Amino acid sequence: MRIAVEGCMHGDLDNVYSTLRYLEKVENTKIDLLICCGDFQAVRNEKDLESLSVPPKYRSMNSFWKYYSGQEVAPFPTIFIGGNHEASNYLWELYYGGWAAPNIYFLGFAGVVKFGNIRIGGLSGIYNQRHYHLGHYERPPYNERDIRSVYHVREYDVHKLMQVEEPIDIFLSHDWPCGITDHGNWEELVRYKPFFKAEIQERTLGSKAAAELLEKLKPSYWFSAHLHCKFAALVQHGEVGQVTKFLALDKCLPGRNFLQIVEIETVPGPYEIQYDEEWLAITRRFNSIFPLSIHRANLGGAQVDMKDCRDWVRSRLLTRGVRPFDFVRTVPCYDPSQSVSSSCFSGHHRNPQTEFFLQFLELPYLLDNTLESRDPTHSPVSLISRDDYSEDIPIDDVDEMEELAEINDGETKDE
């Protein structure tokens, strides 16, 4: 199986797909799957741009809308996770995962799927200590603060991934696991990115949550993006334990290292994206403690027996099948010849995929607005000291678009 891995997509699907088609032609090979490590930017229309956490002058429709509308069809099965520059309102519709467009699958805020007999897991977003222990309190339409925290990784999603016991072949995170630079040539990295040096030495570069998952899951491959550079590492788990091959990639720009082809031994195709039995059982078990407020999440309340969950899910999959529910459009698509009215609905849409998925698992729908999460008296600022909620941006929460703008314009920007 030949898998193409891409770093930050930034909505540039047309160029990535055309590059892969060119590689297939000149190398006389076949790509079976494309994996994207975040900042995918599944922007369907101009209204979605309001939920994209980038400075307004960088907001652009790019090319995802063509695939959402059906004007174009992804030539390769595509799996992606979220980063810190996403149409967060759309990804919230697909919190548990689902088709963002035909043949383009979002892994969810956390998720595991199968492609053939390869297990692929992922964690969306980036790590930020301020919000890690809180619930998913943000709801569309997002205010100025929530648009910059909705993509922060939550302990609840990591906790679910920590329950995975069966081997993971590939794992995706947007930011790098903290400490990963110990296992690669970090001196060469800081020659290219000198402003990483202090955080590497202080062991604050990257995600503590991802580091915990790396230690627990020990996947064969781990792919990341976010810092817009290529970096490889080999992680030996114990003296004679498994080895994880780590690779971070750049964003899609000419002359940049944004693509890598990986060949994995597996059963012959054809292959398709399928639900993972163990992950569905974990989802069912822990949905009862899904934290949806700004309070610290209580992760000790799920007491359902895991074996019972597995047996129940297995019987359901045998009856229904393992292919995810079909893609459904939920909003009008971008039309270059028209502008979107400012009166368009900007709240939460119930995505039929998510509704069918939850009905399949006999779980309640919990993604709608709640009084507690929207109550202005329950602001996250009231739970976090002013000093801890500085608007200064740590290096792992900076995007290179702003970094380059600072260099080119001589300006200092907030996130």
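See the structure above.
Here we summarise the structure given alongside this text. Keep in mind it's a predicted model, so treat the numbers as computed, not measured.

### Some words on the nonpolar core
Inference 1: With 127 residues, the main nonpolar core has Phe-64, Ile-104, Ile-120 and Ile-170 as its most contacted residues.
Inference 2: Here Ile-120 is in contact with Leu-33, Ile-35, Ile-79, Leu-107, Gly-111, Val-112, Val-113, Phe-115, Ile-170 and Leu-172, once residues within four sequence places are set aside.

### A few points about the sheet that holds strand E6 (residues 110–115)
Either a parallel or an antiparallel arrangement is found when strands of a sheet pair, and the pairing is made through backbone hydrogen bonds.
Inference 1: Strand order in the open sheet formed by 7 strands is E10-E11-E9-E8-E7-E6-E13, with mixed pairing between adjacent strands. This sheet does not close on itself; its edge strands, each paired only once, are strand E10 (231–236) and strand E13 (273–275). The sheet shows a mean angle of 25 degrees between the axes of neighbouring strands, taken without regard to direction.
Inference 2: In the sheet, strand E8 (residues 170–173) pairs with strand E9 (residues 221–224) via 3 bridges, with the strands oriented parallel. Bridge pairing links Ile-170 to Tyr-221 in E9.
Inference 3: Each of E6, strand E7 (118–123) and E13 touches helix H8 (residues 277–286); the most contacted strand, E6, lies at about 155 degrees to it.

### Structural notes on H8
Inference 1: The buried fraction of H8 amounts to 9 of the 10 residues, a majority that puts the element mostly inside the structure.
Inference 2: Of the residues making up H8, those classed as buried are Glu-277, Glu-278, Trp-279, Leu-280, Ala-281, Ile-282, Thr-283, Arg-285 and Phe-286.
Inference 3: Structurally, H8 contributes buried residues whose contacts are with E6, E7, helix H4 (155–161), E13, helix H9 (306–320) and helix H10 (352–360).
Inference 4: A side-chain oxygen of the first residue of H8 lies 3.2 Å from the backbone nitrogen of Glu-278; this N-cap is Asp-276.

### Quick word on the environment of Val-54
Inference 1: The topology assignment puts Val-54 in the loop between strand E2 (33–36) and helix H2 (64–69).
Inference 2: Exposure remark for Val-54: the relative accessible area of 6% places this residue in the buried category.
Inference 3: The spacing of Val-54 and Ile-147 is 93 residues in sequence and 9.4 Å in space, taken between C-alpha atoms.

### Quick look at the packing of H8 against H9
Inference 1: Between H8 and H9, whose axes approach to 9 Å, the crossing angle comes to 120 degrees. In terms of orientation, H8 and H9 fall into the oblique class. Crossing geometry of H8 relative to H9 is assigned as right-handed. Contact residues: H8 offers Glu-277, Glu-278, Leu-280, Ala-281, Ile-282, Arg-284 and Arg-285, while H9 offers Met-306, Cys-309, Arg-310, Trp-312, Val-313, Arg-314 and Leu-317.
Inference 2: Its residues assigned to classes, the contact of H8 with H9 shows 8 nonpolar, no polar and 6 charged.

### Observations concerning the sheet that holds strand E1 (residues 2–6)
Inference 1: Pairing in this open sheet of 6 strands is mixed, and the strands run E4-E5-E3-E2-E1-E12 from one edge to the other. A single partner strand is all that each edge strand has here, and the edge strands are strand E4 (98–101) and strand E12 (259–263). In this sheet, adjacent strand axes meet at a mean angle of 30 degrees when their direction is disregarded.
Inference 2: In this sheet, E2 lies alongside E1 in parallel orientation, the contact comprising 4 bridges. If you follow Ala-4 over to E2, its bridge partner there is Leu-34.

### Things to note about the packing of aromatic side chains
The relation between two aromatic rings is expressed through the spacing of the ring centres and the mutual angle of the planes.
Inference 1: Under the defined criterion, the tally for this structure stands at 31 aromatic pairs.
Inference 2: Aromatic pair Tyr-68 and Tyr-90: ring centres 5.8 Å apart, planes at 85 degrees, arrangement edge-to-face. Within this pair, whereas Tyr-68 is found in helix H2, its partner Tyr-90 is found in helix H3 (residues 88–93), the two being separated by 22 residues in sequence.
Inference 3: A network of ring pairs unites the aromatic residues Trp-92, Tyr-95, Tyr-96, Phe-109, Tyr-156, Tyr-275, Phe-290, Phe-325, Phe-356, Phe-357 and Phe-360 as a single cluster.
Inference 4: Its guanidinium or amino end placed over the ring of Trp-312, Arg-284 lies 3.6 Å from that ring's centre, counting from NZ or CZ.
Inference 5: The ring of Phe-325 has Arg-320 lying over it, and the distance from NZ or CZ to the ring centre is 3.9 Å.

### Here we look at the pattern of salt bridges
Inference 1: Under the counting rule described, the total for this entry stands at 20 salt bridges.
Inference 2: Arg-2 is the salt-bridge partner of Glu-263, the closest N and O atoms lying 3.7 Å from each other. Taken as a pair, Glu-263 in strand E12 and Arg-2 in strand E1 lie far apart in primary sequence, 261 residues in all.
Inference 3: According to the relative accessible area criterion, Arg-2 is partly exposed, its value standing at 31%.
Inference 4: Ionic pairing is found between Glu-166 and Arg-310, a salt bridge with its closest N-O pair at 3.0 Å. One end of the pair, Glu-166, is in the loop between H4 and E8; the other, Arg-310, is in helix H9, and 144 residues separate them in sequence.

What counts, and at which threshold
Residues numbered from 1 in each chain as written. Predicted model: local features only at pLDDT ≥ 70, side-chain atom pairs only at ≥ 80, totals over all residues. Heavy atoms only, no water. Core = buried A, V, L, I, M, F, W, Y, C linked by side-chain atoms within 4.5 Å. Buried < 20%, exposed > 50% of the residue type's maximum accessible area, 1.4 Å probe, protein only. Contact = heavy atoms within 4.5 Å. Pairing = 2+ DSSP bridges. Helix = DSSP H or I, 4+ residues; strand = E, 2+ residues; numbered from the N terminus. Axes fitted to C-alpha atoms, helices over the stretch in contact; angles between N-to-C directions. Polar contact = N/O pair within 3.5 Å; in protein donor to acceptor, adjacent residues only side chain to side chain. Parallel < 35°, antiparallel > 145°, perpendicular 65-115°, else oblique. Left-handed = near helix turned anticlockwise from the far one by under 90°. Nonpolar A, V, L, I, M, F, W, Y, C, P; charged D, E, K, R; others polar. Phe/Tyr/Trp six-rings, centres within 6.5 Å; stacked < 30°, edge-to-face > 60°. Lys NZ or Arg CZ within 6 Å of the ring centre and 35° of its normal. Salt bridge = Lys/Arg side-chain N within 4 Å of Asp/Glu carboxyl O.

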